[in-house]
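Given next are the chains, with one letter for each unit.
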Amino acid sequence: MKITSDNKNIFAVIIAIENYRHSDISSVVYAENDANAFKNLLITEFGAKEENIILWINENATKTALEEELPYHIRQLSSEDKFIFYYAGHGFHYTDSNRLTVWDTHKNNLFGTTTSIQDILLNPLGKSECENSLIFIDSCSTQISDDITSRDLISSMSTNEFEEFSNSSNTNALFCSCSPGEKSYPSEKLKHGIWTWHLIESLKGNIPEAIFKDVFVTDSSLQNYLRMAVPEFITRETTIKGTQTPFSKISSTNTKIIKKIIPAELEVIKEFPQLRLKFESLELRNIKTQDVKDLSGFDKKKKHFPPKYVNFAGNSFIQSISIEEIQEEIQEIYENSKEILNLKRRDIIKNLMMIGSIENNIFRYYLEINQHHKNPALAVITRRLIIRVPRSKLPINFHEIFPIQPNKIVIPIDGEVDFDDLVERFENLEESVGGQLQEDDVKGTIEYISEDNLTITINTIDKEMIINPNMHLNCLKLIDIATEGLKKITGQNDLLLLS
C-alpha cells in the first residue's frame, strides 16, 4: 500500500534521550533508533521537509532547549501548520504535573532538573494559532535510577492534564505508550520501543488492522490498533510478565483522518497513467568500468595482457582474475552483516565464486565483473543490492555494511510502454515545473533532470526506470532522496521500500 497526505505545513520536534549526562540514570534502550525512525517517517510518509524538523538527541535535549526553545517554536506556528511532537525518554508524575526528563536531569533534584509537559508543550499549544497537532510520548522507567529495561509513564502518571488539553481544541490528539501504572518496554527483536515500532508501522500504512475502511488511518483506528497490538506482541513475542496498554486522548468530536491509503493496485504515477512500476522488484545498483590491467588479479609477471577482442575467452579471463577481489568484498559484507544486523553464520548464505553473492532476511547483494560489451580492455563491475524489508526496519548504520555504496535505484516497468505518450507527459512536466528533458527514440530512452538535479531515466527497451540523485550518498540517503524526488514529481508519497 501507498500513503498520501493532505496535511498542512508540518513542523515537528523529535526528542530522544537514550544516554543521560549522569550515569546513575539508566539509559533508555533504543530511544535513538526510535527518534531517527520517526524522523524518517515524517519525511517519507508525511511529506515533511527536513528543515522543518527539530531533532534533539541526548546532549541536545537540555532543560534549556525544552523550556525555552520548544515554546518559542510553538509560538511561531500558524493556523495553517500541523505540529507533531515525539518524545522517547524517562518521565514521571510529580504532585500535580507530568514531567519529562532532559539530558542533564539529576536524580537528586528531579523537580528542578526536569520539565513540565504542561508548561513546555500543552500550554504553549493551547495559546498558539496552531489548530492541528499530534503528540506521541514514549516515556520510561518507574524508578529512573533503577537498572531496568522498561519504558513506562511513572506509575502515578496523571491523565487529567492530557484530558484538559485534548478538550481545548477540535483537532488535537495525544498518544502515550502505556496507561498509568503500567510499564512500556523495548524489544531486542525490533530494536525499538515496542509501542513506537507499532506506531510507525501503522502510520506507514503497513498494518491493515490500523486502517479504517481499507482507506484511512484515523485517530480512532490508530488508537484501537495500538491498544490491541502492543499487549498482544508482549504476550506472544516476549517473556515480559508485565502489562502495557497504550492510551490516548483525542479531542475531535468526529473521527479525524491522519493518513489516506492508496491500494497497491492503484500505484500508478499520476503524470504517467500508462506506466506501472514494480516497486517490489526495486534494486539499488552501482555499475562502473575499470581498466582490466587495474584489476587486482592482473599480473604482468604472469604475462597477463588486456583482451583484444570482445568474446567468451576475454570475458572468462576477466572473471578469472577478479575472483580474489570478489571474495574479499563479499567476505567483508558478511562480517559487517554479522556485526551490524546481529546475525549468525547460519542466518547468512554467501557465494564466493565468479558471481559473488550474499543474502539474509534483510537483503540480497550481488557482485559481478564482466568484460565491457564494446571495449575488450575494460571490465564492468556491477553491484546490486536488493532490500527485503521496509526502509523503517533498517538500522541507522545499515549502509556501513557495504564498502562500495550504490548510486542509483532501478525499478522494473510492468506492461507495455508508449514512448510517444511518455515523452509528451515529460514535456508537460518540463513546462509546468521546470527541469530538462532529453529523449532518444533510437535507444528508447527518456531522461528527465529535475530542478533538484534528480535524474530519472526511462529505458523503454529494458523496461526500467532509473533514479540517480547525482550526488554521493550512502544507500539509506539514496532511498530517502529518491523517494522525496519522486514525490515532488509524481505527487505521490513514499513510493520506495514501503512494504
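Relevant structure appears above.
Residues numbered from 1 in each chain as written. Predicted model: local features only at pLDDT ≥ 70, side-chain atom pairs only at ≥ 80, totals over all residues. Heavy atoms only, no water.

**A word on the overall build of the protein**
Under the convention used in this document: Numbering of helices and strands runs from the N terminus, with a helix taken as a DSSP run of H or I at least four residues long and a strand as a DSSP run of E at least two residues long. Per-residue and other accessible areas were derived by the Shrake-Rupley procedure at a 1.4 Å probe size, with only the shown protein chains allowed to occlude residues.
Looking only at helices and strands, the protein features ten helices and 24 strands. Only carbon and sulfur atoms are counted for the fraction: they give 45% of the accessible area of the protein, which is about 22,600 Å².

**Here's the deal with the pattern of salt bridges**
Where we set the bar: Each salt bridge in this description consists of a side-chain nitrogen of Lys or Arg and a carboxyl oxygen of Asp or Glu lying within 4 Å of one another. Each residue's exposure class comes from its accessible area (1.4 Å probe, protein chains only) as a fraction of the maximum for that residue type: buried when under 20%, exposed when over 50%, partly exposed otherwise.
A complete count under the given rule lists 17 salt bridges for this structure. Here Glu 237 and Lys 189 are joined by a salt bridge, their closest N and O atoms 3.1 Å apart. Here Lys 189 lies in the loop between β9 (186-187) and β10 (192-193) and Glu 237 lies in helix α6 (residues 219-237), a separation of 48 residues in the sequence. Judged by relative accessible area, Lys 189 falls into the exposed class, the value being 59%. Through salt bridges that share partners, Lys 189, Glu 232, Arg 236 and Glu 237 make up one connected network.

**Overview of a negative patch on the surface**
The test is simple: Residues enter patches when they are more than 30% accessible in relative terms and free of salt bridges; like-charged ones are connected within 9 Å and nonpolar ones (Val, Leu, Ile, Met, Phe, Trp, Tyr) within 5 Å. Only four residue types enter the tally: Lys and Arg on the positive side, Asp and Glu on the negative side, with His and both chain ends excluded. Lysine's charge is taken at NZ, arginine's at CZ, aspartate's at CG and glutamate's at CD.
Together, Asp 418, Asp 420, Glu 424, Glu 427, Glu 431, Glu 439 and Asp 441 make up a negatively charged patch on the protein surface. In terms of residues, the negative patch owes the most to one element, helix α9 (residues 419-433), which gives four residues.

**Here we look at the nonpolar core**
Convention followed: We define the nonpolar core as a collection of buried residues of types Ala, Val, Leu, Ile, Met, Phe, Trp, Tyr and Cys that are connected through side-chain atoms lying within 4.5 Å of one another. Here, two residues are considered to be in contact whenever any of their heavy atoms come within 4.5 Å of each other.
Ranked by internal contacts, the top residues of the largest apolar core, which has 73 residues, are Phe 38, Phe 83, Phe 85, Leu 121 and Phe 136. Sequence-distant contacts of Phe 83, defined by excluding residues within four places in its chain, comprise Phe 11, Val 13, Leu 70, Ile 74, Leu 77, Leu 121, Leu 125, Cys 130, Asn 132, Ser 133 and Leu 134. If you look at the next biggest cluster of nonpolar residues, it comprises 55 residues, including Leu 277, Val 292, Leu 341 and Met 465.

**With respect to the pairing of strand β24 (residues 464-468)**
Regular strands have side chains that alternate between both faces of the sheet. Filter applied, for reference: Here a strand pair is declared whenever DSSP counts at least two bridges between the two strands.
Most of β24 sits inside the fold, with four of its five residues counted as buried. Looking at chain direction, strand β20 (residues 408-414) and β24 are connected through four bridges and run antiparallel. Along β24, the bridge assignment pairs Pro 412 with Glu 464. Direction of pairing for strand β23 (residues 455-459) relative to β24: antiparallel, over a ladder of five bridges. Bridge pairing links Ile 456 to Ile 467 in β24. Taking the residues between adjacent antiparallel strands as the criterion, β23 and β24 are bridged by four residues, where Lys 463 takes a positive phi near 55°.

**Focus on the environment of Gln 436**
Along the polypeptide, Gln 436 turns up in strand β21 (residues 436-440). For the pair Gln 436 and Glu 447, spaced eleven residues apart in the sequence, the C-alpha separation amounts to 8.2 Å. For Gln 436, the contacting residues outside a window of four places in its chain are Glu 430, Glu 447, Tyr 448 and Ile 449.

**A look at the packing of helix α2 (residues 63-75) against helix α3 (residues 117-127)**
Short version of the rule: To obtain an axis, a line is fitted to C-alpha atoms, over the contacting stretch when the element is a helix, and the angle between two such axes runs from 0 to 180 degrees between their N-to-C directions. Any angle from 65 to 115 degrees is called roughly perpendicular, while one under 35 is roughly parallel, one over 145 is roughly antiparallel, and all others are oblique. Helix crossings get a hand from a simple test, with the near helix turned counterclockwise from the far one by less than a right angle marking a left-handed crossing and a clockwise turn marking a right-handed one. Any residue that is not Ala, Val, Leu, Ile, Met, Phe, Trp, Tyr, Cys, Pro, Asp, Glu, Lys or Arg is counted as polar, Gly included; the first ten are nonpolar and the last four charged.
Two elements in contact, α2 and α3, have axes whose closest approach is 9 Å; the angle formed by their N-to-C orientations is 20°. The angle between α2 and α3 falls in the class roughly parallel. Relative to α3, the crossing made by α2 is right-handed. Along its contact with α2, which presents Leu 66, Glu 67, Leu 70, Pro 71 and Ile 74, the element α3 presents Ile 120, Leu 121, Pro 124 and Leu 125. For the contact of α2 with α3, a count of residues per class yields eight nonpolar, no polar and one charged.

**A look at the packing of aromatic side chains**
Selection rule: Here the aromatic set is Phe, Tyr and Trp, taking the six-membered ring for Trp, and pairing holds for ring centres within 6.5 Å; pairs whose planes are under 30 degrees apart are stacked, those over 60 apart are edge-to-face, and all others are tilted. The criterion is that NZ of a Lys, or CZ of an Arg, lies within 6 Å of the ring centre and within 35 degrees of the ring normal, and then a charge sits over that ring.
This structure, assessed with the given rule, holds nine aromatic pairs. Linked through ring pairs, Phe 38, Tyr 86, Phe 136 and Phe 175 together constitute an aromatic cluster. Its guanidinium or amino end placed over the ring of Phe 111, Arg 99 lies 4.2 Å from that ring's centre, counting from NZ or CZ. Lying over the aromatic face of Tyr 334, Lys 350 brings its terminal NZ or CZ to 3.9 Å of the ring centre.

**A word on unusual backbone geometry**
Here the phi dihedral of Asn 58 falls at roughly 50°; this positive angle occurs in a residue that is not glycine. Turning to its location among the elements, Asn 58 is positioned in the loop between β3 (53-57) and α2. In this structure, Lys 303 takes a positive phi of about 60° despite not being glycine. Along the chain, Lys 303 turns up in the loop between β15 (283-291) and α7 (312-320). Residue classification places Lys 303 among the exposed positions, given a relative accessible area of 70%.

**Quick word on the pairing of strand β22 (residues 445-449)**
The side-chain alternation of β22 yields one buried face, formed by Ile 446 and Tyr 448, and one unburied face, formed by Thr 445, Glu 447 and Ile 449. Inspection of the sheet shows β21 paired to β22 by five bridges, in the antiparallel sense. The residue of β22 that forms the bridge with Gln 436 is Ile 449. As consecutive antiparallel partners, β21 and β22 are separated by four residues, and within that stretch Gly 444 has a phi angle of approximately 75°, a positive value. In the sheet, β22 pairs with β23 via five bridges, with the strands oriented antiparallel. When the bridges of β23 are listed, Tyr 448 appears paired with Ile 456. Two successive antiparallel strands, β22 and β23, enclose a turn made up of five residues, where Asn 453 displays a positive phi of approximately 70°.

**Quick word on a nonpolar patch on the surface**
A cluster of nonpolar side chains, contributed by Met 353, Met 354 and Ile 355, occupies part of the molecular surface with about 280 Å² of accessible area. In this structure, Met 354 sits in the loop between β16 (349-351) and β17 (355-359).

**Let's talk about helix α5 (residues 194-203)**
Summarising burial for α5: ten of the ten residues are buried, a large majority. Every buried residue of α5 is accounted for by Ile 194, Trp 195, Thr 196, Trp 197, His 198, Leu 199, Ile 200, Glu 201, Ser 202 and Leu 203. Following α5 by one or two positions, Gly 205 has its phi on the positive side, about 85°.

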